[in-house]
Amino acid sequence: MMDDEKRERMVKCAYNPPGGFLCQMDGCPPFDCWCCEDYIDATKGNEEVDGEINSFGNVRVFVPADELWGFYTQNKKRCQEEMILIAENTETGYAVYMTDDDGTLMFSVCRGEDAPECEEYVSNGTDCEESAKRLIMRYLVPLTVVDGEAAFPGIDDDMEDKMYEREDALDLAIKDFLAVVLQEPDGETVSTKFGEDFTQEVLHHILEYLTEVHCIKIFRPMFFRDDGTENEIYSEYPYEEYTFSDDGRVQ
């Protein structure tokens, strides 16, 4: 595989934070990218969310991708004098700008006041729209890794619903179990008397015991926020492939 192809896989991979060389699967990008079995193309599925980008919470698009080329041709002088903000994520600080570099339209991706992490040149309307969409989706829209594929907010709400439903079921089950063991009237009494931290700790130890000692797979889906990026990772218990900070973020 050529170096350019390795770099393309690194840039597109959902496990590599935008603008970085920090593979969440402990790989060494871009060198390991050619043989990585965990590679997930974060750009797939863009067509599903096209037109819904502004609905993604902190993402703001000021000039739609399909209008950028026309905007550029009518504002070349302005583009030569400044970097024009076309989209941003107000939470992460990532933003996409357009400017004119020696007569060619150039997109730049920056985080806050830092130097550009990515720059792309385009020469026609088709490339302009495709490039803008790709940069916005890759750097601004938070994604989730679900069953080995990149998914975007709003598309997999049913997965989130299942997560909450399962958590509620486990919470009720552990409290009812403890009520019997501790000879309390009901689960609510257990919660009030011993606290939520106690019941959740007991639940964790029971699931850990079933998984590690008896090798029983436990269905407990969870979304984890990656430390330092806005990416979310979907996993099922026991989440052994990840390490976490004190606030529950993936490190």
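As a reminder, the structure under discussion sits directly above these lines.
Read on for a plain summary of the structure. This is a predicted model, so every value here is computed, not measured.

Some words on a nonpolar patch on the surface
A contiguous nonpolar patch, built from Phe177, Val181, Leu182 and Phe194 and spanning about 330 Å² of accessible area, is present on the exposed surface. Residue placement: Val181 occurs in helix H6 (residues 157-181). We classify Val181 as partly exposed; its relative accessible area is 48%.

A short note on the pairing of strand E4 (residues 104-111)
Most of E4 is tucked away, with six of its eight residues classed as buried. As paired strands, strand E3 (residues 94-101) and E4 are joined by eight bridges and run antiparallel to one another. Within E4, the position partnered with Ala95 by the bridge is Cys110. Between the antiparallel neighbours E3 and E4 lie two residues, among them Asp102 with a positive phi of about 55°.

Description of the nonpolar core
Core analysis: the largest hydrophobic core is formed by 26 residues, its most contacted members being Leu68, Ile86, Met98, Phe107 and Leu140. When residues of this core are traced back to their parent elements, those giving at least two are strand E1 (59-61), helix H3 (68-74), strand E2 (84-89), E3, E4, strand E5 (118-122) and helix H5 (125-139). It is H5 that provides the largest number of residues to this core, a total of six residues. Not counting the four nearest positions on each side in its chain, Leu68 is found in contact with Val63, Ile86, Met98, Phe107, Cys128 and Ala132. Residues Ala179, Val202, Leu203 and Ile218 belong to the second largest nonpolar core, which totals nine residues.

Some details on the pairing of E2
Here three bridges tie E1 to E2, and the two strands are oriented antiparallel to one another. Across the sheet, the residue bridging to Val61 is Ala87, located in E2.

A few points about the pattern of salt bridges
For the coordinates displayed, the defined rule picks out seven salt bridges. Between Asp171 and Lys175 there is a salt bridge, with its nearest N and O atoms 3.0 Å apart. Pair noted here: Asp171 and Lys175 are both in helix H6, with a separation of four residues, about one helical turn. In the salt-bridge network here, residues are joined through shared partners; they are Asp171, Lys175 and Glu196.

Things to note about the packing of aromatic side chains
Under the counting rule described, the total for this entry stands at three aromatic pairs. Ring centres of Trp69 and Tyr72 lie 5.5 Å apart, and the angle between their planes is 45°; on these two criteria the pair is classed as tilted. Residue Trp69 and its partner Tyr72 are both found in helix H3; the two are separated by three residues, about one turn of the helix. Under the relative-accessibility criterion, Tyr72 is labelled buried at 2%.

Things to note about the sheet that holds E5
Strand pairing in a sheet relies on backbone hydrogen bonds, with the paired strands running either antiparallel or parallel. With antiparallel pairing, five strands are arranged side by side in an open sheet as E1-E2-E3-E4-E5. Bordering the open sheet on either side are E1 and E5, each of which pairs with just one other strand. Looking at each pair of strands side by side, their axes are set apart by 20° on average, direction ignored. Here four bridges tie E2 to E3, and the two strands are oriented antiparallel to one another. Each bridged residue has a counterpart across the sheet, and for Leu85 the counterpart in E3 is Tyr97. Where H5 meets the sheet, its contacts fall on E2, E3, E4 and E5, and the angle it forms with E5 comes to roughly 165°.

Parameters and conventions
- Residues numbered from 1 in each chain as written.
- Predicted model: local features only at pLDDT ≥ 70, side-chain atom pairs only at ≥ 80, totals over all residues.
- Heavy atoms only, no water.
- Patch = residues over 30% accessible without salt bridge, like charges linked within 9 Å, V, L, I, M, F, W, Y side chains within 5 Å.
- Areas by Shrake-Rupley, 256 points an atom, 1.4 Å probe, with all protein chains shown as cover.
- Salt bridge = Lys/Arg side-chain N within 4 Å of Asp/Glu carboxyl O.
- Helix = DSSP H or I, 4+ residues; strand = E, 2+ residues; numbered from the N terminus.
- Buried < 20%, exposed > 50% of the residue type's maximum accessible area, 1.4 Å probe, protein only.
- Pairing = 2+ DSSP bridges.
- Core = buried A, V, L, I, M, F, W, Y, C linked by side-chain atoms within 4.5 Å.
- Contact = heavy atoms within 4.5 Å.
- Phe/Tyr/Trp six-rings, centres within 6.5 Å; stacked < 30°, edge-to-face > 60°.
- Axes fitted to C-alpha atoms, helices over the stretch in contact; angles between N-to-C directions.

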